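This is what each chain is made of:
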2 protein chains.
Amino acid sequence: MATSILISEVGPRDGLQSIDSILPTATKKQWVEKQYEAGAREIEVGSFVPAKLLPQLADTAEVVEYAKTLENLNVAVLAPNLRGVKDAVAAGADKIAIPFSCSESHSRRNVNKSHEEMFQEIETCQNYVAQLTDDERPALEVSLSTAFGCTIEGAISARTVVAAAEQFVEMGVDEVGLSDTTGMGDPKQLESLAKDIWHHCGREKLTGVHLHNTRGQGLANALKAVELGFTTLDASLGGIGGCPFAPGASGNIVTEDLVFMLHSMAVETGIDLPQLLEVRKWLQDQLPNESLYGFTVDAGIPPDWPFSNSS
Amino acid sequence: MATSILISEVGPRDGLQSIDSILPTATKKQWVEKQYEAGAREIEVGSFVPAKLLPQLADTAEVVEYAKTLENLNVAVLAPNLRGVKDAVAAGADKIAIPFSCSESHSRRNVNKSHEEMFQEIETCQNYVAQLTDDERPALEVSLSTAFGCTIEGAISARTVVAAAEQFVEMGVDEVGLSDTTGMGDPKQLESLAKDIWHHCGREKLTGVHLHNTRGQGLANALKAVELGFTTLDASLGGIGGCPFAPGASGNIVTEDLVFMLHSMAVETGIDLPQLLEVRKWLQDQLPNESLYGFTVDAGIPPDWPFSNSS
């Protein structure tokens with residue numbers, strides 16, 4: 001089991017893109033700052049997609065620019081195509097995640113591209129970043145979304161997921177990530193997929209997992225990921241964004257509940273849990289019309305709990 | 001990992017004792033019947049405690065009598081003392097759980113007894129059942145509550161928990177069970193406690209675990225329990241009862257979410273998940289003023305999911 005985990009906070013991207021409320025840019029910066037002060041060292045601060053599609057994230061470049069002023073913070077963004085990647089590079093992002101949906105039906109519906117077209121698009125992105133100088137070049141990760149199943153296609157064959165991973169690694173991307181977009185994954189499937197990809201691509205090419213809690217399985221899958229040796233777990237503060245298919249279920253796993261689990265097992269995250277719970281309460285105040293999720297904030301930290309800050 | 005798990009449905013006891021609504025006896029019988037028809041083979045149907053303390057469960061003897069008519073159903077009850085055990089035996093219960101709080105402060109507050117007094121009480125109960133005929137004799141399990149921590153005392157030393165387990169096993173009780181009453185447990189602690197008790201008492205004396213979801217950790221702990229080889233997991237339909245300290249958190253882990261996890265990993269439970277979800281909806285109709293929990297009921301079973309009935 002890993003003895004320390006990097007929690008990549010994706011609330012400002014995956015959370016905010018899923019709700020109607022639009023946070024002012026200044027508030028987003030405050031969120032990034034508060035989360036950083038609570039110990040976060042990677043935050044996905046936004047997406048480079050057309051503002052007419054996601055007006056909630058139209059100010060991503062400005063948020064990136066601010067986040068870059070925080071020392072040792074890995075500033076991550078999402079970009080679905082070359083245009084987004086170029087914007088992300090121009091803004092100075094440290095890490096760019098490009099989503100590739102392992103379900104071709106989902107890919108067509110989501111970004112109107114076949115698998116073949118997405119392979120070409122991502123190769124173009126990789127070629128673009130490859131010719132940048134060391135100072136400019138961000139890490140490029142392909143996020144293998146719907147890897148555990150698709151609401152349209154149902155089961156996705158492991159062969160499809162692994163073959164895609166292999167193709168991206170051959171292109172030269174820095175990493176692939178496993179993404180349980182639909183909350184259909186289970187610990188055994190995670191283990192099987194991870195080992196298969198590690199066997200074909202090398203362990204260093206897959207170190208992160210993006211889990212959802214659609215059917216309440218998020219932390220069980222997170223436990224398995226940690227046991228397997230994954231070192232980066234995506235999570236969102238207060239599970240912001242929720243799951244449109246499951247009222248009461250968070251979308252992403254809940255950062256503070258994940259921190260509680262990891263610290264309880266003496267797995268370090270560098271995060272101060274009491275301080276993180278304060279940020280969570282602050283975020284709820286900024287989003288009075290949105291539901292936040294997770295249980296630790298209400299149950300509280302147990303008396304005499306020795307793991308509030310495990311860094 | 002175990003290939004099949006007995007889910008002990010504790011909703012009619014642990015769930016109903018925690019809510020204000022009182023279900024009519026006929027409705028309780030219907031619940032037991034429906035859950036049985038969905039595949040449940042152990043149900044904790046009530047408690048033998050004074051009706052003035054828990055009027056919700058005053059009809060336990062009648063529910064036991066009905067449940068005993070269902071073939072191959074293990075009919076479990078809770079009893080805190082000799083008087084309750086005698087009533088449970090008279091009613092014909094197959095299994096009696098006696099709670100022993102590993103936190104002495106919690107024991108005094110809950111049942112007004114010191115550890116020494118509880119050891120004596122449980123020994124008297126064990127001596128009582130030992131002299132019954134084979135036909136009359138129920139299985140006696142001591143449930144080690146607050147084994148993972150206490151809201152009053154904080155951390156509970158593993159030595160206290162293991163010493164209590166040893167003492168009960170020496171008395172001759174059939175089993176001890178580990179109970180995370182306060183939702184403070186984590187997978188590593190579960191592994192450590194279980195191995196310690198197995199080492200001192202033998203594996204066959206500890207096969208069941210009772211988990212709560214107070215801080216969202218329930219299914220992660222359940223995964224670890226299954227990986228360790230536990231074969232009985234308590235759970236409650238719709239997480240009925242909730243957690244008074246954590247609004248939105250179920251008390252017990254949610255039966256249907258647990259079934260989803262286990263079946264996904266091809267671990268059999270004998271339960272038909274679609275049918276169980278129907279029982280859950282029916283239960284909500286019977287308890288219109290109570291919140292139920294869990295996510296699978298809203299998210300639904302994924303398309304083409306092959307594990308609806310894994311028996």
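Residues numbered from 1 in each chain as written. Chains lettered and ligands numbered in written order. Predicted model: local features only at pLDDT ≥ 70, side-chain atom pairs only at ≥ 80, totals over all residues. Heavy atoms only, no water.

Caption draft 1: Looking closely at the relation of the copies chain B and chain A. Rotating chain B by 180° and translating it 0.0 Å along the rotation axis places it on chain A, where the RMSD comes to 0.0 Å. Expressed as a symmetry operation, the mapping of one chain copy onto the other fits a two-fold axis. Closest to the rotation axis within chain B is the C-alpha of Ala-220 of chain B, separated from it by 1.9 Å. Take the interface residues of chain B: 100% of them recur as interface residues in chain A, which is what a same-surface contact looks like. (Least-squares fit on C-alpha atoms with pLDDT ≥ 70 in both. Contact = heavy atoms within 4.5 Å.)

Caption draft 2: Focus on unusual backbone geometry. We note that Asp-304 of chain A has phi near 65°; this positive angle belongs to a residue other than glycine. By secondary structure assignment, the location of Asp-304 of chain A is in the segment after helix H12 (296-299). Looking at Asp-304 of chain A, the relative accessible area reads 63%, which means it is exposed. Phi is positive for Ala-266 of chain B, which is not a glycine, with a value near 60°. Its location among the elements puts Ala-266 of chain B in the loop between helix H10 (255-264) and helix H11 (273-286). (Helix = DSSP H or I, 4+ residues; strand = E, 2+ residues; numbered from the N terminus. Buried < 20%, exposed > 50% of the residue type's maximum accessible area, 1.4 Å probe, protein only.)

Caption draft 3: How the structure looks around the sheet that holds strand S4 (residues 95-101) of chain B. All names here are of chain B. Around the barrel, which closes on itself, the eight strands sit in the order S1-S2-S3-S4-S5-S6-S7-S8 with parallel pairing between neighbours. The sheet shows a mean angle of 30° between the axes of neighbouring strands, direction not considered. As paired strands, strand S5 (residues 139-145) and strand S6 (residues 175-179) are joined by four bridges and run parallel to one another. Of the residues in S6, the one forming a bridge with Glu-141 is Glu-175. Relative to strand S2 (residues 42-47), helix H2 (residues 25-37) is tilted by about 165°, and along the sheet it contacts strand S1 (6-9) and S2. (Pairing = 2+ DSSP bridges. Axes fitted to C-alpha atoms, helices over the stretch in contact; angles between N-to-C directions.)

Caption draft 4: Fine view of the sheet that holds strand S5 (residues 139-145) of chain A. Residues and elements named next belong to chain A. With parallel pairing, the eight strands of this closed barrel are ordered in space as S1-S2-S3-S4-S5-S6-S7-S8. For this sheet, the mean angle separating the axes of adjacent strands, direction not counted, is 30°. Sitting on the sheet, helix H10 (residues 255-264) is in contact with strand S1 (6-9) and strand S8 (232-235), with an inclination near 175° to S1.

Caption draft 5: Region of the structure containing the interface of chain B and chain A. Opposite the 39 residues of chain B that make contact, chain A presents 39 residues. Counting each side, the surface lost to burial between chain B and chain A is near 3,100 Å², with a carbon and sulfur contribution of 63%. When the buried surface of chain B facing chain A is broken down by residue, Arg-215, Gln-217 and Phe-295 of chain B rank first, second and third, together holding 22% of it. Joining chain B to chain A, the criterion identifies two salt bridges. Lys-224 of chain A is paired through a salt bridge with Glu-227 of chain B; the nearest N and O atoms lie 2.6 Å apart. Where the side of chain B that touches chain A is concerned, the elements lending two or more residues are helix H8 (187-201), helix H9 (218-228), H10 and helix H12 (296-299) of chain B. Residue contributions to the side of chain B that touches chain A peak at five residues, all from H9 of chain B. Looking at the side of chain B that touches chain A residue by residue, the classes come out as 20 nonpolar, 10 polar and nine charged. (Buried area = accessible area lost by both parts, 1.4 Å probe. Salt bridge = Lys/Arg side-chain N within 4 Å of Asp/Glu carboxyl O. Nonpolar A, V, L, I, M, F, W, Y, C, P; charged D, E, K, R; others polar.)

Caption draft 6: Region of interest: the packing of aromatic side chains. Counted according to the given criterion, the structure contains 12 aromatic pairs over all chains. Ring geometry for Phe-260 of chain A versus Trp-305 of chain A: centroids 4.8 Å apart, planes at 15°, classification stacked. Of this pair, Phe-260 of chain A sits in helix H10 while Trp-305 of chain A is found in the segment after H12, placing the two residues 45 residues apart along the sequence. For Phe-260 of chain A, a relative accessible area of 0% translates into the label buried. With 5.0 Å between their ring centres and 70° between their planes, Phe-100 of chain B and Phe-168 of chain B make a pair best called edge-to-face. Separated by 68 residues along the polypeptide, Phe-100 of chain B in strand S4 and Phe-168 of chain B in helix H7 (residues 158-171) bring together distant segments of the chain. Across this residue pair, the class does not change: Phe-100 of chain B and Phe-168 of chain B are buried. (Phe/Tyr/Trp six-rings, centres within 6.5 Å; stacked < 30°, edge-to-face > 60°.)

Caption draft 7: Broad picture of the pattern of salt bridges. Under the criterion given, the structure shown has 32 salt bridges over all chains. Among the salt bridges present, the one from Arg-13 of chain B reaches Asp-14 of chain B, with a minimum N-O distance of 3.6 Å. By relative accessible area, which is 8% here, Arg-13 of chain B ends up buried. Residue Asp-14 of chain B is classed as buried on the basis of its relative accessible area, which comes to 9%. Through salt bridges with shared partners, one network takes in Glu-191, Lys-195, Lys-224 and Glu-227 of chain A together with Glu-191, Lys-195, Lys-224 and Glu-227 of chain B.

Geometric descriptors of this kind do not, in isolation, establish any biological role.
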